Protein chains: 4
Amino acid sequence: DRPFVLLAGPCAMESRDHAIETADALTAMCRALGIGLIYKSSFDKANRTSIDAARGIGLDTALAVFAEIKERFGCPVVTDVHEATQCAAVAEVVDVLQIPAFLCRQTDLLVAAARTGRVVNVKKGQFLAPWDMKNVAAKLVAAGNDRVMLTERGASFGYNTLVSDMRALPVLAETGFPVVFDATHSVQQPGGQGTSSGGQREYVPVLARAAVAVGVAALFIETHEAPERAPSDGPNMVPLADMPALLAQLQAFDRLAKSPAASAA
Amino acid sequence: DRPFVLLAGPCAMESRDHAIETADALTAMCRALGIGLIYKSSFDKANRTSIDAARGIGLDTALAVFAEIKERFGCPVVTDVHEATQCAAVAEVVDVLQIPAFLCRQTDLLVAAARTGRVVNVKKGQFLAPWDMKNVAAKLVAAGNDRVMLTERGASFGYNTLVSDMRALPVLAETGFPVVFDATHSVQQPGGQGTSSGGQREYVPVLARAAVAVGVAALFIETHEAPERAPSDGPNMVPLADMPALLAQLQAFDRLAKSPAASAA
Amino acid sequence: DRPFVLLAGPCAMESRDHAIETADALTAMCRALGIGLIYKSSFDKANRTSIDAARGIGLDTALAVFAEIKERFGCPVVTDVHEATQCAAVAEVVDVLQIPAFLCRQTDLLVAAARTGRVVNVKKGQFLAPWDMKNVAAKLVAAGNDRVMLTERGASFGYNTLVSDMRALPVLAETGFPVVFDATHSVQQPGGQGTSSGGQREYVPVLARAAVAVGVAALFIETHEAPERAPSDGPNMVPLADMPALLAQLQAFDRLAKSPAASAA
Amino acid sequence: DRPFVLLAGPCAMESRDHAIETADALTAMCRALGIGLIYKSSFDKANRTSIDAARGIGLDTALAVFAEIKERFGCPVVTDVHEATQCAAVAEVVDVLQIPAFLCRQTDLLVAAARTGRVVNVKKGQFLAPWDMKNVAAKLVAAGNDRVMLTERGASFGYNTLVSDMRALPVLAETGFPVVFDATHSVQQPGGQGTSSGGQREYVPVLARAAVAVGVAALFIETHEAPERAPSDGPNMVPLADMPALLAQLQAFDRLAKSPAASAA
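Criteria and thresholds
- Residues numbered from 1 in each chain as written.
- Chains lettered and ligands numbered in written order.
- Predicted model: local features only at pLDDT ≥ 70, side-chain atom pairs only at ≥ 80, totals over all residues.
- Heavy atoms only, no water.
- Helix = DSSP H or I, 4+ residues; strand = E, 2+ residues; numbered from the N terminus.
- Rg over C-alpha atoms; globule rule 2.2 N^0.38 Å.
- Buried < 20%, exposed > 50% of the residue type's maximum accessible area, 1.4 Å probe, protein only.
- Areas by Shrake-Rupley, 256 points an atom, 1.4 Å probe, with all protein chains shown as cover.
- Lys, Arg positive; Asp, Glu negative; His and termini not counted.
- Charge placed at Lys NZ, Arg CZ, Asp CG, Glu CD.
- Salt bridge = Lys/Arg side-chain N within 4 Å of Asp/Glu carboxyl O.
- Contact = heavy atoms within 4.5 Å.
- Polar contact = N/O pair within 3.5 Å; in protein donor to acceptor, adjacent residues only side chain to side chain.
- pLDDT = per-residue confidence, 0-100.
- Phe/Tyr/Trp six-rings, centres within 6.5 Å; stacked < 30°, edge-to-face > 60°.
- Lys NZ or Arg CZ within 6 Å of the ring centre and 35° of its normal.
- Buried area = accessible area lost by both parts, 1.4 Å probe.
- Nonpolar A, V, L, I, M, F, W, Y, C, P; charged D, E, K, R; others polar.

Asks: It is not clear to me how the overall build of chain A should be interpreted in this structure. Could you clarify?
Replies: Within chain A, the regular secondary structure consists of nine helices and 13 strands. In terms of overall size, chain A behaves like a compact globule, its C-alpha atoms giving a radius of gyration of 17 Å where 265 residues would be expected to give roughly 18 Å. Oriented by its inertia axes, the alpha-carbon framework of chain A measures out at about 50 × 40 × 40 Å. Within chain A, buried positions represent 67% of all 265 residues. Accessible surface for chain A amounts to roughly 8,500 Å². Of this, 51% is attributable to carbon and sulfur atoms. Looking at charge distribution, chain A has the averaged site of its 24 positive side-chain charges lying 4 Å from that of its 28 negative ones.

Now the structure itself:
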């Protein structure tokens, strides 16, 4: 029943300077609010809708930047891995290895991530029921790592749409592992713009409030100082300038959700 | 931004004595908490899964009981209507006419309910998108009645399952009409028990918390002192004894959701 | 294993002359192909998306036209009923009473339709699993009528979309009652045009072929000589001029599906 | 409009002898019917529900067996690849590289498969709309390979269930690439047995008939002489002994679907 931790940052790492500036802003606002931050960015967007979409800054460059962020701001970092062979190198710097939703059943990737000993955050596949994630977590535990986080990020609902089933949060929590709500990708409209995915940024606060009221260990929110210029997931990222008010609000719901009164019922 | 109103009662009116006892208990707990109550019960279960399922106490008997409840406990009452011809009689006593979800597109029923001048609460069909409800509300307004409430009660999600999309609440609110969240039927598993519908009572507090955090004008919760003995919707009704703690908790989330801090973001 | 029967006609009865002309064209093409025809039209569109949408010609006018069609062309007719009180009057002329999908669980309507002794064709609700329809059929049988037809017309799939699950056809057939595939409404996009429903006429032949190959007792196809001018369901009706080629093709699939070779496997 | 090709074999390669025996049986029955066969088996089940589930025979062993099958029976072979690094080795022997549905958006895997010059068969993700597959195909073409096949294998429909939307077949065909219908995995119930996936073998003929009637370039059907003993996908594999009658039936529907009469409409 500790306060929620925030996994946040721009979807893709764009440059060293952009990453440092965003981490600076996020650590400042989280310090002011007393929120634990895990800085997030991707070094590679490995499953873009279109082949022409930007891929990312690359592993080596990203690791150096992550190392600088950790040292300079003192916050842990999280990034996603896509192939088993990446895990060891990423784990030298990165504190939390994240398994993308599409890959949440790939046994080799899960085992390789688990064997690094780092925390592994697995996103629930859009095609999975929440109760199916206990099998995914069991793969990590069987590989010798019980430092697991499970992330809800929406379920397929017809075509080009996701729906967030709030019942998934307590179902995932039955595993005993911390549950993360990804408010950014839950409002994604996969493939919804023809050759890229759309998004409904306006519903990030709606779904995040709902999830925090139900009770989560962590929130995942991608943010950018100018989402319309972002190379990926722009339509569902929250403007950096809107984050302090949103976080303060979510913090109030979190405190209430974890107060003795709320847990009594 | 007024506190939520509660629409509550047993799914079906079972007898005069049972109704009076339940209304007594509900009005007492709502008075203690300062929550506005609209007492709910059905006089007829017109769309049961099976023909062998109990139907109800009948219109005339129910109206007399509703009248007694209104006089004795001073609270308004709500019940559902199924045919246009019932509306006028029901409206002589009942304050809020409710349109069942399956019937939310039946123009004659909507118009007849609207013409009584009573408040009309329309449940969103399990087969409708939230934005489609503006057309339903427009039918009522065109019939000369803008005292409309719109209720979210889950959307079809595969077979025998509903999912509650919390984005539906702000979408419905864009109509300008008060939005109700039905926490009882949202956890229904339609037809899920072969010849009757199942339910997941344990998720009523989960979905109700989420909805209140997002922001609603009213909550709809069916309750029974012994749900396992109830003639309908037992698996998703909340035991009457659990209601005070649940309501207190939801009230805290409602206050927070409607505080200046929460609406700032 | 008899050849499929065709339920066809314009969605709404527009006028006496339009109905006679369409019935003339349909009976001619069905006679040429040796296909049994049940002429279909609605006298009232009781659940339109918008209150401003046309409702229909009315019951009395329609019954006179249906009587004329029966006498003149010698074919049975089918129309949908919306309230229990309509059933007796409709049954004086109409051979098959059809229960709309939204109303497939309304016990009083089912019982009233059953008690006329006419064949009752129930459309499966968009919110129902195919195995739930055995309970619907049981309501008709309990009311003393086992002349039942069950129609598949798509299941809710996300928002504003239906999907046709071909497994539903054998599941419905397990009841022992004839199964109809409604190729017109299965391609409807409910509410998909804001204040009216859209449709994908181009997929009518696709889904109809699939259904006939799986095996059905009857096909339901709405048709109009100029669908773009039709008062309802224009986007999913098949142009009358396209019907002969479509029917010939479906007939070939039907013969194959019901040949000894095909049923052996 | 050539006759359908069959991709068939046991889900997993179990042993050299089992593979040879199954290939012998399949080539014999396909030769008798005049159906083109591409022998299928997996050397690794990389995304099993549970970590305790069997993985497979391994790449090197499998390649030797595939080579023997090709030489002995003269039929091409298909297998699935899971990591970019596997593609070159697999392509030395295997004629068709198959991309699993969960991995259909992984750019590196698609590009590596494409660069082998072999035919690449991509299974549509359960989380994708059919029109989104044009972007997937474009990734392969951009990598210099237009020998592409696209496979429909069901879309997520609520939890633990897939639905086959027959409209997907013509939508996929609009890309100009051959469309495969996977009748085995379309009847899978993902995770439906707690720690393994369930399946509904009885609907394989139903969906396969529907798909062939709509029109496909190829069918994918997994088969096993004793599915109940198979290490994976037993519940949805067709018994080998049932294949000749099923194939003969599907062949009749295929001939009709591709006859001038059927394509006229």
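Asks: Mind showing me how you'd approach the pattern of salt bridges here?
Replies: Side-chain pairs of opposite charge can arise whenever the charged atoms involved come near each other. All names here are of chain A. Inspection of every chain in the model, using the stated rule, returns 52 salt bridges over all chains. Put simply, Arg118 and Asp95 hold a salt bridge, and the shortest N to O gap is 3.5 Å. Placement of the pair is Arg118 in the loop between α4 (107–115) and β5 (119–123) and Asp95 in the loop between α3 (87–91) and β4 (96–99), with a sequence separation of 23 residues. You can call Arg118 partly exposed: its relative accessible area is 21%.

Asks: Quick question: what am I supposed to make of the environment of Asn236(A) here?
Replies: Residues and elements named next belong to chain A. Relative to the helices and strands, Asn236 resides in the loop between β12 (218–224) and β13 (238–239). In sequence terms Asn236 and Ala89 are 147 residues apart; their C-alpha atoms lie 30 Å from each other. Once residues within four sequence positions are removed from consideration, Asn236 is found in contact with Thr184, His185, Val187, Gln188, Gly198, Gly199, Gln200, Arg201 and Val204. Here Thr184 takes part through its backbone oxygen, which lies 2.9 Å from a polar atom of the side chain of Asn236.

Asks: Any chance you could explain helix α4 (residues 107–115) of chain C here in plain terms?
Replies: Note on helix geometry: an α-helix contains 3.6 residues per turn, so any two residues three or four positions apart are oriented the same way. Of all the residues in α4(C), the buried ones are Thr107(C), Leu109(C), Leu110(C), Val111(C), Ala113(C) and Ala114(C). Elements that come into contact with the buried residues of α4(C) comprise α3 (87–91), β4 (96–99), β5 (119–123) and α5 (133–142) of chain C.

Asks: Explain the confidence of the model for chain A to me, please; I cannot follow it from the model alone.
Replies: Detailed reading of predicted coordinates is not advised where the pLDDT is low. Looking at chain A, the pLDDT average stands at 95 and 99% of residues meet or exceed 70. In the predicted assembly, ipTM is 0.95 and pTM is 0.96.

Asks: What should I look at first to understand the packing of aromatic side chains in this one?
Replies: Remark: the centre distance and the inter-plane angle together describe each pair of aromatic rings, the angle taken between the planes. Considering all chains together, one arrives at 16 aromatic pairs over all chains under this definition. Here the aromatic rings of Phe127(A) and Phe102(D) are separated by 4.2 Å at their centres, their planes lie at 15°, and the arrangement is stacked. Remark: Phe102(D) occurs in the loop between β4 (96–99) and α4 (107–115) and Phe127(A) occurs in the loop between β5 and α5 (133–142); the pair is interchain, linking two chains. In this structure Phe102(D) comes out as buried when scored by relative accessible area, which is 8%. Ring geometry for Tyr159(B) and Phe157(D): centres 4.9 Å apart, planes at 85°, overall edge-to-face. Here Tyr159(B), found in the loop between β7 (155–156) and β8 (162–163), pairs with Phe157(D), found in the loop between β7 (155–156) and β8 (162–163), and the two come from separate chains. Take Tyr159(B): its relative accessible area is 13%, and that puts it in the buried class. Every member of this aromatic cluster is reached through a ring pair, and the members are Trp131(A), Phe157(A), Trp131(B), Phe157(B), Tyr159(C) and Tyr159(D). The residue whose ring lies beneath Lys123(A) is Phe220(A), and the NZ or CZ to ring-centre distance is 3.9 Å.

Asks: How should I be thinking about the interface of chain D and chain C in this particular structure?
Replies: Bring the parts together and some accessible area is lost; that lost area is often taken as the interface size. Taken together, the contact pairs 32 residues of chain D with 32 residues of chain C. Contact between chain D and chain C buries roughly 2,600 Å² in total, counting both sides, with carbon and sulfur atoms accounting for 68%. Linking chain D with chain C are zero salt bridges. The tally of links between chain D and chain C comes to eight residue pairs in polar contact (both at pLDDT 80 or more).

Asks: Looking at this structure, how should I read the interface of chain D and chain A?
Replies: On the side of chain A, 39 residues touch chain D, which itself brings 39 residues to the contact. Counting each side, the surface lost to burial between chain D and chain A is near 3,500 Å², with a carbon and sulfur contribution of 50%. For the pair chain D and chain A, the number of links is two salt bridges. A salt bridge links Asp108(D) to Arg55(A), with the shortest nitrogen-to-oxygen separation between them at 3.0 Å. For the pair chain D and chain A, the number of links is 14 residue pairs in polar contact (both at pLDDT 80 or more). Mapped onto the side of chain D that touches chain A, the elements with two or more residues apiece are α4, α5 (133–142) and β7 of chain D. The element contributing the most residues to the side of chain D that touches chain A is α5(D), with five residues. Grouping the constituent residues of the side of chain D that touches chain A by class yields 16 nonpolar, 13 polar and 10 charged.

Asks: Looking at this model, I keep getting lost on the environment of Thr49(C). Mind explaining?
Replies: Counting through the fold element by element, Thr49(C) comes out in the loop between β2 (37–40) and α2 (59–73). Taking relative accessible area as the criterion, Thr49(C) reaches 6% and is therefore assigned buried. Note: C-alpha distance between Thr49(C) and Ser196(C) (147 residues apart in sequence) is 5.3 Å. When residues no more than four places from it in sequence are discounted, the contact partners of Thr49(C) are Arg105(B), Asn135(B), Lys139(B), Gly191(C), Gly194(C), Thr195(C), Ser196(C) and Ser197(C). A polar contact of 3.5 Å, which involves the side chain of Thr49(C), links it to the side chain of Arg105(B).

Asks: Could you clarify how one ought to interpret the side chain of Ser197(C) in this entry?
Replies: Mapped onto the elements of the fold, Ser197(C) is located in the loop between β10 (188–189) and β11 (198–199). Assessed through its relative accessible area of 14%, Ser197(C) is described here as buried. Looking at Ser197(C), its side chain comes within polar contact range of the main-chain nitrogen of Gly191(C), at 2.9 Å. For Ser197(C), the contacting residues outside a window of four places in its chain are Arg105(B), Thr49(C), Gln188(C), Gln189(C), Pro190(C), Gly191(C), Gly192(C) and Pro235(C).

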